[in-house]
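Observations on chain architecture
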Amino acid sequence: MSEEKKIGVVPLIGLIIGAIVGAGIFNLMKEMANTASVGVTILGWTITGVGMGSLALCMQNLSSKRPDLNAGIFSYAQEGFGDYMGFNSVWGYWVSVIIGNVAYGTLFFSALSYFFPIFGNGQNIASIIGASVVLWIINYLIIRGLDKVTLLNTIVMIAKLVPIILFIICVLFTFNNHIFFHDFWGIKGQSHPLDNILVQLKGTVLSTVWVFIGVEGAVVFSGRAKHKNDVGKATVLGFGAVALIYAMVTVLSFGVMSRSQLQNLPNPAMGYVLESIIGKPGAIIINLGVIITIFGAWISNTLLAEEVAYQAGMRQLFPQIFTKENKNKMPISSTFITNLLVQILLLSFLFTDQAYSLLSKLSSATILLSYFCVALYQLKFTWQNRQYNQRIKNLIIGAISILYFVWLIYASGIFYFLLTVLCIFLGSGMFIYVKYHNKQKIFQVFELVIFIGIALISIYSLFKLLK
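Description of the structure in this document. (Residues numbered from 1 in each chain as written. Predicted model: local features only at pLDDT ≥ 70, side-chain atom pairs only at ≥ 80, totals over all residues. Heavy atoms only, no water.)

Moving on, we get to the pattern of salt bridges. Opposite charge on two side chains permits them to pair, given that their charged atoms come into close proximity. By the definition in use, this model includes four salt bridges. Between E79 and R66 there is a salt bridge, and its shortest N-O distance comes to 3.5 Å. Placement of the pair is E79 in helix α4 (residues 74-81) and R66 in the loop between α3 (38-65) and α4, with a sequence separation of 13 residues. Taking the shortest distance from any N to any O, the salt bridge between E325 and K329 comes out at 3.4 Å. The network of salt bridges with shared partners includes R66, D68 and E79. (Salt bridge = Lys/Arg side-chain N within 4 Å of Asp/Glu carboxyl O. Helix = DSSP H or I, 4+ residues; strand = E, 2+ residues; numbered from the N terminus.)

Dropping the structure here:
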């Protein structure tokens, strides 16, 4: 067995930026324009910055106060609220990242179709075959060793920031105030303007959460970090850099094209915005950037998925098969099972022409429980431990984060809430199996109450969704 290689602060930041800055950024201006005006988009980013920023600060605080909880963000749920909630947290997270990787497949080959029309909209048979090949190449790269794949990810991170920075510079030089401020709030001709703004604001929610999935990257790998204090630094620095990039890319696009023009752009929208500024080379540069970016994000997200499943196996929440390692100290079974599920879900391309939009929103919804549990544990831990400094500050940060995620659950709508609860209920079968196999008590009394509540909502969900 080779000695496990630890990773430093720069690769940890690379994992975060690599996981966050993925497919979403190249289509984000279109996704936002579909639901909101430029004014509401700015308001949405402000709320997201405060909400997700408070989550990043929660992670920074908990990683410094509880460095022993190094099994990823689900370890906070398990420590604070028991095994069943710990399982639900890691299950929702794992499913979210798997679904997200399937969404990457469609945008990857949508970008390739600019050069090779055989891939069409990125959701045909040729795209499924191509995505399958890329999927198993990534599987091979990961099992070769964490140090090798994090170095590759850092190189890809730098490469993919180049076209994004070029885009921001070009948009700044061609920014048009008249286009930007025309119907700034999107309420011209509306009889109830405030109601319309709220509807728009709710529409921005899942799009902004989707593109921030990965902010927990350093926490997921805290058990493999060289220094525990690097985890908090990487989380805050990675989040801050990405939040600034996202806000600039989306908001400034409204100063180049009108909202209706942005809504009707093909995927990836950023390429067509840049093409309108500098011509054909713009689309070529961005589509190449998309290909590089998605490849890097696909690697980062697969690392996150296999690592949380491996750590869940180590903490006896997932079956022991997930803990099997190869000679490079990589969880080979966890990586294979994760990618096998992605492979199966790639077939969804054949059934809907809205795969990317649907899967990205579902991925956002299923991860909310994991993030919510982090905020809850921040509040619980801070309240119970009066000896630490800055207690009031950390209580406020936890409360803001909780309020933000309550808002997200409300704003995402009943459809995604029901799908998420149903997903959690289906995963409970694995939890019951693992507890039974390990000869442990399956549910504590309060966990049984939670399980029954989830089961009842799931039954309602089935009736509602099958109508």
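Once that is clear, we can look at the side chain of N101. Within the secondary structure, N101 sits in helix α5 (residues 83-112). Among the polar contacts listed, one links the side chain of N101 to the side chain of T302, at a separation of 3.2 Å. Beyond its immediate chain neighbours, meaning those up to four positions away, N101 contacts W298, N301, T302 and V342. (Polar contact = N/O pair within 3.5 Å; in protein donor to acceptor, adjacent residues only side chain to side chain. Contact = heavy atoms within 4.5 Å.)

With that out of the way, let us pick up the side chain of E447. Along the chain, E447 turns up in helix α19 (residues 445-465). Although E447 is buried, it makes no salt bridge; K435 carries the closest opposite charge, 6.4 Å away. At 3.1 Å, the side chain of E447 and the backbone nitrogen of D83 are in polar contact. Setting aside residues no more than four positions away along its own chain, E447 makes contact with G82, D83, Y84 and I442. (Buried < 20%, exposed > 50% of the residue type's maximum accessible area, 1.4 Å probe, protein only. Lys, Arg positive; Asp, Glu negative; His and termini not counted.)

In the contact formed by α4 and α5, the axes pass within 7 Å of each other and the chain directions differ by 160°. On the basis of their axis angle, the class for α4 and α5 is roughly antiparallel. Crossing handedness for the pair α4 and α5: right-handed. Residues F74, A77, Q78 and F81 of α4 lie in contact with α5, whose contacting residues are D83, M85, G86, S89 and V90. Among the residues forming the contact of α4 with α5, the class breakdown is five nonpolar, three polar and one charged. (Axes fitted to C-alpha atoms, helices over the stretch in contact; angles between N-to-C directions. Parallel < 35°, antiparallel > 145°, perpendicular 65-115°, else oblique. Left-handed = near helix turned anticlockwise from the far one by under 90°. Nonpolar A, V, L, I, M, F, W, Y, C, P; charged D, E, K, R; others polar.)

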